Amino acid sequence: MMLFLRSIAHKSSKLIVQYNPSCAYSSLGVAKSLAELNRLGETATKLHLDSSKDIVCNDIQCERVTKPCACKLAVALEKSGKNLREVDLSNNNLDVLPESLFECCENLERLSLRNNKLTVEAIGKHYKLRKLKLLELGGNPGMELTVECYNRLAKRNVKVRV
C-alpha cells in the first residue's frame, strides 16, 4: 500500500505526519472517479473506473437512465482527457464508448475494456489513439476482431488481449 503523507507540525525536531487517503491517488495523477478526474483536470494521467457507479446514468433526459452510459464519461474526457496515459473501464456493462475517448485522449497508451458488452464497432476508431500500446478486450461477448483489425493494430505495435 502506498502512503501519501503530509507534514502537519514540527515540535522539538520531531516530525508529526498525518495519513491523508484522499490525496493518495490524486497526488499521483490517478483518478478513481469522474469527480476526481474533473478535479485533477489535465494533471490526470490515469483513470480507473473498474466496476464504477460513475458509469450509471442518472440524467432523466437520457435514454439510458439507470443503465451504464457514457455521457458523463464523455464530458469528463473532453475536459480532462488530454494527458491520460491509462484508462480502465472494465466491468461496467458498457455497450458504447464515447467519441471523446478517441478524440481527446491523444496520449493514451493503455486501454482496458474487459468484461463489458462491447462489439468491434465500439472500438472502430482505435486508430486515432496513436500512442496506444495495449488494448484489453477480454470478456466482451460480441467482440470478434477481424483479421484486418488485428493487422492494423499489429502494424502499430499494439498488443491486444482478448
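What you see is a predicted model, and the numbers here were worked out from it, not measured in a lab. (Residues numbered from 1 in each chain as written. Predicted model: local features only at pLDDT ≥ 70, side-chain atom pairs only at ≥ 80, totals over all residues. Heavy atoms only, no water.)

So what exactly am I meant to see when it comes to the overall build of the protein chain here?
Scanning the protein chain from terminus to terminus reveals five helices and eight strands. Helices and strands in the protein chain line up, N terminus first, as β-β-α-β-α-β-α-β-α-β-β-α-β. Taking all 162 residues of the protein chain together, the buried fraction comes to 40%. In the form shown here, the protein chain has an accessible surface area of approximately 9500 Å², with 52% of it arising from carbon and sulfur atoms. (Helix = DSSP H or I, 4+ residues; strand = E, 2+ residues; numbered from the N terminus. Buried < 20%, exposed > 50% of the residue type's maximum accessible area, 1.4 Å probe, protein only. Areas by Shrake-Rupley, 256 points an atom, 1.4 Å probe, with all protein chains shown as cover.)

Can you help me understand the sheet that holds strand 4 (residues 46-48) in this one?
In a beta sheet, neighbouring strands pair by backbone hydrogen bonds and run either parallel or antiparallel. The strand order across the open sheet formed by six strands is 3-4-5-6-7-8, and the pairing between neighbours is parallel. Bordering the open sheet on either side are strand 3 (30-31) and strand 8 (159-161), each of which pairs with just one other strand. Sheet analysis places strand 3 next to strand 4, joined by two bridges and oriented parallel. Within strand 4, the position partnered with A31 by the bridge is L47. (Pairing = 2+ DSSP bridges.)

Help me understand the pattern of salt bridges, please; the structure alone is not making it clear to me.
Side chains that differ in sign of charge can pair as their charged atoms come close. Scanning the entire structure with this criterion turns up eight salt bridges. Notably, a salt bridge pairs E148 with R152, separated by 3.9 Å at the nearest N-O pair. With E148 and R152 both in helix 5 (residues 147-155) and four residues apart, this pair spans about one turn of that helix. One continuous salt-bridge network, built from bridges that share partners, spans D88, R110, R114, E136 and R161. (Salt bridge = Lys/Arg side-chain N within 4 Å of Asp/Glu carboxyl O.)

Just to check I follow, could you spell out the environment of L145 for this structure?
Tracing the chain through its elements places L145 in the loop between strand 7 (134-136) and helix 5. Distance from L145 to T119, taken between C-alpha atoms, is 8.6 Å for residues 26 residues apart in sequence. Residue contacts for L145: discarding those within four places in its chain leaves V120, I123, L137, Y150, L153 and V160. (Contact = heavy atoms within 4.5 Å.)

Looking at this structure, I do not really get unusual backbone geometry. What am I missing?
Generally, phi is negative for residues other than glycine and the peptide bonds are trans, each holding for most cases. Backbone geometry places S51, a non-glycine residue, at a positive phi of 55°. Positionally, S51 belongs in the loop between strand 4 and helix 3 (71-80). In this structure S51 comes out as partly exposed when scored by relative accessible area, which is 48%. Positioned with a positive phi, N93 is a non-glycine residue whose angle comes to about 60°. Structurally, N93 can be placed in the loop between strand 5 (86-88) and helix 4 (99-104). Using a relative accessible area of 43% as the deciding quantity, one classes N93 as partly exposed.

Hey, could you run me through helix 3 in this one?
Turn by turn, an α-helix covers 3.6 residues, leaving residues three or four places apart pointing in a common direction. What helix 3 keeps buried is the set L73, A74, A76, L77 and S80. The elements touched by buried residues of helix 3 are helix 2 (34-40), strand 4 and helix 4.

Would you mind showing me how to read the confidence of the model for the protein chain here?
Note that predicted coordinates carrying low pLDDT should not be read in detail. Residue-level pLDDT values for the protein chain average 84, and 83% of them are 70 or greater. This stretch, residues 15-26, has a pLDDT under 50; its non-local contacts, to residues over four places away or in other chains, come to 29 contacts. (pLDDT = per-residue confidence, 0-100.)

Even after reading the chapter, I still don't get the nonpolar core, so can you show me in this structure?
The nonpolar side chains of a soluble globular protein tend to be buried with one another. In terms of nonpolar packing, the biggest core is built from 34 residues, with L37, L47, L97, L101, L111, L113 and L135 touching the most fellow members. The set of elements that each furnish at least two residues to this core consists of helix 2, helix 3, helix 4 and helix 5. With residues near it in sequence (within four places) discarded, L47 still touches A31, S33, L37, L73, L77, L84, E86, V87 and D88. (Core = buried A, V, L, I, M, F, W, Y, C linked by side-chain atoms within 4.5 Å.)

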